Amino acid sequence: MKGASGWLKPFWQLLLMRLRSFVREPSATFWVFGFPLLMSIVLGLAFQNQAGARLSVAVAEGPERPAVLGALRASEGLSTTEMTLDEAHRALLSGKVALAVVPAATPRLLLDPTQPEARSAKLLVVDALQRAAGRTDPRPLEEERVTLPGSRYIDFLVPGLLGFGLMSSSIWGVGWAIVQMRIGKLLRRLAATPMRKLDFLLAFAAGRLLLALLEVLFFLGFARLIFDVRVAGNPLTFLLWGLLGALSFGGLSALVASRAQSSETASGLMNLVTLSMTVVSGVFFSASHFPGWAQPVLRALPLTALIDGLRAISIDGAGVAALVGPALVLLLWGVGSFALALRLFRWT
Amino acid sequence: MAALAIEVERLVKRFGDLVAVDGIDLTVSTGTCLGLLGPNGAEKTTTVEILEGLQPATSGSVRVLGRTWAEDPEGIRARIGATLQETRFHEKLTVEETLTLFRSFYPRGQGVEQALSQVALEEKRDARVGTLSGGQKQRLALAVGLVGDPELLFLDEPTTGLDPVSRRGLWTIIERLKGRGRTVVLTTHYMEEAAVLCDDIVIVDHGRIVARGTPDALVHSLGGEQLVEFVARPAIPSEALERVPGFSGRRQRGETVSLSVQALHEAVPALLRIADEHRSELVRLSTRAATLDDVFLALTGRTLVEAEQG
């Protein structure tokens, strides 16, 4: 019965408790897997469409309107709308169209030259009208379309969302569970048993690692399937980096949860940690957009380190040697906050 | 095995300026059930948590199963069991999973099966903890306290918040547990509960012991075991009431006078005669046996219910 007695070991039982509580909580599954998936689909589609969008052009009333419409519709980059001259003016002012054409023997183009879209639209409209009028291009050109892997917004976004997801699931998954156990006096009850505190902590850490492993694999899977996002570097390095981040945030989470006695205090602290880093650590746009004086602070934040590392591996194909700096940041945060949490932790 | 399961001397617990436990001395013999009785705010729970090793004492000495908490915390924890007030076990785990988890912490103990059957929760083994009724949750807490097969079991208000039927059900279970030389320390603010379950009772108020003894001895200590309660109009002077045979005490709450007497068959006719002499009419008359509630009232001047609300 060696297996049975092994199964009874406190560590395994505590780990089982963690896994069961996750699997049996549908909302946890949604926040860990469903929410980031939705986020990346929505954001991914929004930015993908923008790249291939046509420029809107108004065509006002005039003698040669059908010919003008025909010429413009032949162009790939334009979408045309028929309007009265008044409507065309208003649409121009409100930015609904980039340019308006008033058809005539000599068509008039209405545009605001300070608008970049207006300049692009003008080039396309002039090209379309001249071609329709019989212009021939003296010099043949060849066009090759390239979309560089790793250069799209989605390639940038997926590591950011993964970093955000690992942070949220660590802080909320671990911290919230601990605070709820304290509020329900379950921590106190456990402290009254001969349970070793180390088993308890190890079970939480192991549970976090297992879940983080699933999270990273899930992200890699759906990003590849839906958006064809590929990891330029070693996928194993990417995976281990995600786990390091999850452990680091696990320590921070234990610190946040070490004393909180109520749900309100706990959620306040956790929101403070997660929201502030979400804003400044480059989840949606690069943290390098912040001014230079803020950079040392931002680089020292664990979420910045986690996301920078994920991006370096997946976009630039960085190896372990290039990751020493952010790895130190993650380790220091993880070890430091965990050590502090051990000192501050209250079972009652 | 030590003859004394618990020895407490001059136990003091302070929270800042507040003296919560104010010099408690206590001994509990192995195999007996001690009731720690008192209203909320009497610091019963603080006292018990110090005994359970969950809070440090400010001063005084505590020996549990012959050891101090400083000497051998793990050893003591392996030999005691506890139900704490209002523990919320993990709602997503089943009853059996919860018991298996707690069983795993103890180096020796009884099977999950046995603990389930002791609290009559076999049918709910696969039920999620979140779906249990209040009484079933208390029984689960009791089973969790039992999986380590403890020599000493602490029950902190095990029936608070339960309906009378569930409460009696739990009493039956606790009664059965008292066999096998197990020592039980029970805190409660239900006098009836202590009287039913405990061999010895300690009454605590404001962190001090105000009385101790067996339930019967405490009731005897009132001097009378019967109470005659009446409303007389006009009121009968108290000197006249002292002539009632076997009189040992008088209390008044509003119009209601309550006399402690030895024997009803002598006291009641005498009371009727005295009322007649004073041309006083007895608007209401009832008698009952004295209870631990009366002991508490006599000792503190408050009933337990008043103490609760205070």
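*Asks:* Summarise the overall build of chain B; cite the residues concerned and give the values.
*Replies:* On a plain count of helices and strands, chain B comes out with 12 helices and 13 strands. Each of the three principal axes of chain B carries a C-alpha extent, and together these read 75 × 45 × 35 Å. Scored against the burial criterion, the 310 residues of chain B give a buried share of 41%. A separation threshold of at least 6 residues defines the contact pool for chain B, and within that pool the share at least 24 residues apart is 69%.

*Asks:* Requested: an account of the overall build of chain A, with residues and values cited.
*Replies:* A tally of helices and strands in chain A yields 14 helices and four strands. Radius of gyration (C-alpha) of chain A: 28 Å, far over the 20 Å computed for a compact globule of 348 residues. Principal-axis analysis of the C-alpha atoms places the extent of chain A at approximately 95 × 45 × 40 Å. Counting every position in chain A, which comprises 348 residues, the buried fraction comes to 37%.

*Asks:* Now, about the packing of helix α10 (residues 235-256) of chain A against helix α13 (residues 302-314) of chain A: what can you tell me, with residues and values included?
*Replies:* All names here are of chain A. Orientation of α10 relative to α13, taken along the N-to-C sense of each, is 175°, at an axis distance of 10 Å. Comparing the axis directions of α10 and α13 gives the class roughly antiparallel. In this structure, α10 contributes T237, F238, W241, G242, G245, S248, F249 and L252 to the contact, and α13 contributes P302, L306, G309, L310, I313 and S314. Grouping the constituent residues of the contact of α10 with α13 by class yields eight nonpolar, six polar and no charged.

*Asks:* Hey, could you go over the packing of α13 of chain A against helix α14 (residues 324-344) of chain A for me, with residue numbers and the actual values?
*Replies:* Residue and element names in this part refer to chain A. At a minimum axis separation of 9 Å, α13 and α14 run at an interaxial angle of 140°. One element, α13, and the other, α14, form an angle in the oblique class. Every pair of crossing elements has a handedness; the one defined by α13 and α14 is left-handed. In contact with P302, A305, L306, D308 and G309 of α13, α14 contributes P326, V329, L330 and W333. When grouped by side-chain class, the residues that make up the contact of α13 with α14 number seven nonpolar, one polar and one charged.

*Asks:* Can you explain the interface of chain A and chain B? Please cite residues and give values.
*Replies:* Tallying the contact residues gives 20 residues for chain A and 21 residues for chain B. Listing elements by their share of the side of chain A that touches chain B, those giving two or more residues are α2 (10-23) and α8 (186-191) of chain A. For the side of chain A that touches chain B, the element with the most residues is α2 of chain A, which contributes five residues. Class assignment for the residues of the side of chain A that touches chain B results in eight nonpolar, five polar and seven charged.

*Asks:* Run through the sheet that holds strand β4 (residues 59-64) of chain B, naming residues and quoting values.
*Replies:* Residues and elements named next belong to chain B. Strand order in the open sheet formed by three strands is β2-β1-β4, with antiparallel pairing between adjacent strands. Each edge of the open sheet carries a strand with a single partner, namely β2 (18-29) and β4. Across this sheet, the average inter-strand angle for adjacent strands is 15°, counted without regard to direction.

*Asks:* Can you break down the sheet that holds strand β1 (residues 55-59) of chain A residue by residue, with the values?
*Replies:* Residues and elements named next belong to chain A. The strand order across the open sheet built from four strands is β2-β1-β3-β4, with neighbouring strands paired in mixed fashion. Here the strands that pair on one side only, and so sit at the sheet edges, are β2 (78-82) and β4 (108-110). Each strand axis lies, on average, 25° off the axis of its neighbour in the sheet, ignoring direction. Lying over the sheet, helix α4 (residues 65-73) contacts β1, β2 and β3 (99-102), oriented at roughly 170° with respect to β1. Seen against the sheet, helix α6 (residues 116-132) touches β1, β2, β3 and β4 and runs at an angle of roughly 60° to β1.

*Asks:* Which residues make up the nonpolar core, and what values go with them?
*Replies:* Of all hydrophobic cores here, the largest spans 81 residues; its most connected members are I171 of chain A together with L99, A115, A143 and V147 of chain B. The element contributing the most residues to this core is helix α7 (residues 153-183) of chain A, with 15 residues. Setting aside anything within four residues of it in sequence, one finds I171 of chain A in contact with F249, L252, S253, V256, M270, V273 and T274 of chain A. Residues A5, L34, L54 and A194 of chain B belong to the second largest nonpolar core, which totals 50 residues.

*Asks:* Before we move on, can you summarise unusual backbone geometry with the specific residues and values?
*Replies:* All names here are of chain B. In the segment running from R233 into P234, the intervening peptide bond is cis, with an omega of -10°. Inspection of the secondary structure puts P234 in the loop between β10 (226-233) and α9 (238-241). Backbone geometry places R10, a non-glycine residue, at a positive phi of 45°. By the element assignment, R10 lies in strand β1 (residues 4-15).

*Asks:* Before we move on, could you go through helix α6 (residues 164-177) of chain B and cite the residues and values that matter?
*Replies:* Along its 14 residues, α6 of chain B runs 20 Å from first to last C-alpha, staying within 8% of the 20 Å computed at 1.5 Å per residue. Where the residues of α6 of chain B are buried, they touch α4 (112-118), α5 (134-146), β6 (152-156) and α7 (191-197) of chain B.

*Asks:* Just give me the short version of the pairing of β2 of chain B, but keep the residues and values in it.
*Replies:* All names here are of chain B. Pairing analysis gives nine bridges linking β1 to β2, with the strands arranged antiparallel. Opposite I6, over in β2, you have V28 as the bridge partner. Hairpin connection from β1 to β2: two residues lie between these consecutive antiparallel strands, with G16 at a positive phi of about 65°.

*Asks:* How would you summarise the pairing of strand β9 (residues 208-213) of chain B if you had to cite specific residues and measurements?
*Replies:* All names here are of chain B. By the bridge criterion, five bridges tie strand β8 (residues 200-205) to β9 in an arrangement that is antiparallel. Bridge assignment links I203 to a residue of β9, and that residue is A211. Between β8 and β9, which pair antiparallel one after the other, the connecting turn spans two residues, and H206 there sits at a positive phi close to 50°.

*Asks:* Residues and numbers for α14 of chain A, please.
*Replies:* A rise of 1.5 Å per residue sets the reference length of α14 of chain A, with its 21 residues, at 30 Å; its end C-alpha atoms lie 30 Å apart and thus fit the reference within 8%. Of the surrounding elements, those touching the buried residues of α14 of chain A are α10 and α13 of chain A.

*Asks:* Which residues make up the environment of L19 of chain A, and what are the values?
*Replies:* Inspection of the secondary structure puts L19 of chain A in helix α2. Sequence separation between L19 of chain A and F204 of chain A is 185 residues; the distance between their C-alpha atoms is 9.6 Å.

*Asks:* Lay out the confidence of the model for chain B with the relevant residues and their values.
*Replies:* Do not read the fine detail of predicted coordinates wherever pLDDT is low. Residue and element names in this part refer to chain B. The predicted model of chain B averages 88 in pLDDT, with 95% of residues at 70 or higher. Of all the helices and strands in chain B, helix α12 (residues 304-309) carries the lowest mean pLDDT, 54, while helix α3 (residues 95-103) carries the highest, 95. If you check the scores for this complex, the pTM reads 0.78 and the ipTM reads 0.83.

*Asks:* Give me the lowdown on the environment of F204 of chain A, citing residues and values where you can.
*Replies:* Residues and elements named next belong to chain A. Summarising the element assignment, F204 is placed in helix α9 (residues 197-227). Under the C-beta neighbour-count criterion, F204 is labelled buried, with 21 such atoms within 10 Å. Sequence-distant contacts of F204, that is, excluding residues within four places in its chain, are made with R18 and V174.

*Asks:* I'd like a rundown of the environment of K137 of chain B, residues and numbers included.
*Replies:* Residues and elements named next belong to chain B. Summarising the element assignment, K137 is placed in helix α5. The class of K137 is partly exposed, set by 19 C-beta atoms lying within 10 Å. Here the alpha-carbon distance between K137 and L84, two residues 53 residues apart in the chain, equals 12 Å.

Definitions and cut-offs
Residues numbered from 1 in each chain as written. Chains lettered and ligands numbered in written order. Predicted model: local features only at pLDDT ≥ 70, side-chain atom pairs only at ≥ 80, totals over all residues. Helix = DSSP H or I, 4+ residues; strand = E, 2+ residues; numbered from the N terminus. Buried ≥ 20, exposed ≤ 12 C-beta atoms within 10 Å, placed from the backbone. Contact = placed C-beta atoms within 7 Å. Rg over C-alpha atoms; globule rule 2.2 N^0.38 Å. Axes fitted to C-alpha atoms, helices over the stretch in contact; angles between N-to-C directions. Parallel < 35°, antiparallel > 145°, perpendicular 65-115°, else oblique. Nonpolar A, V, L, I, M, F, W, Y, C, P; charged D, E, K, R; others polar. Left-handed = near helix turned anticlockwise from the far one by under 90°. Pairing = 2+ DSSP bridges. Core = buried A, V, L, I, M, F, W, Y, C linked by C-beta atoms within 7 Å. Expected span 1.5 Å × (residues − 1). pLDDT = per-residue confidence, 0-100.

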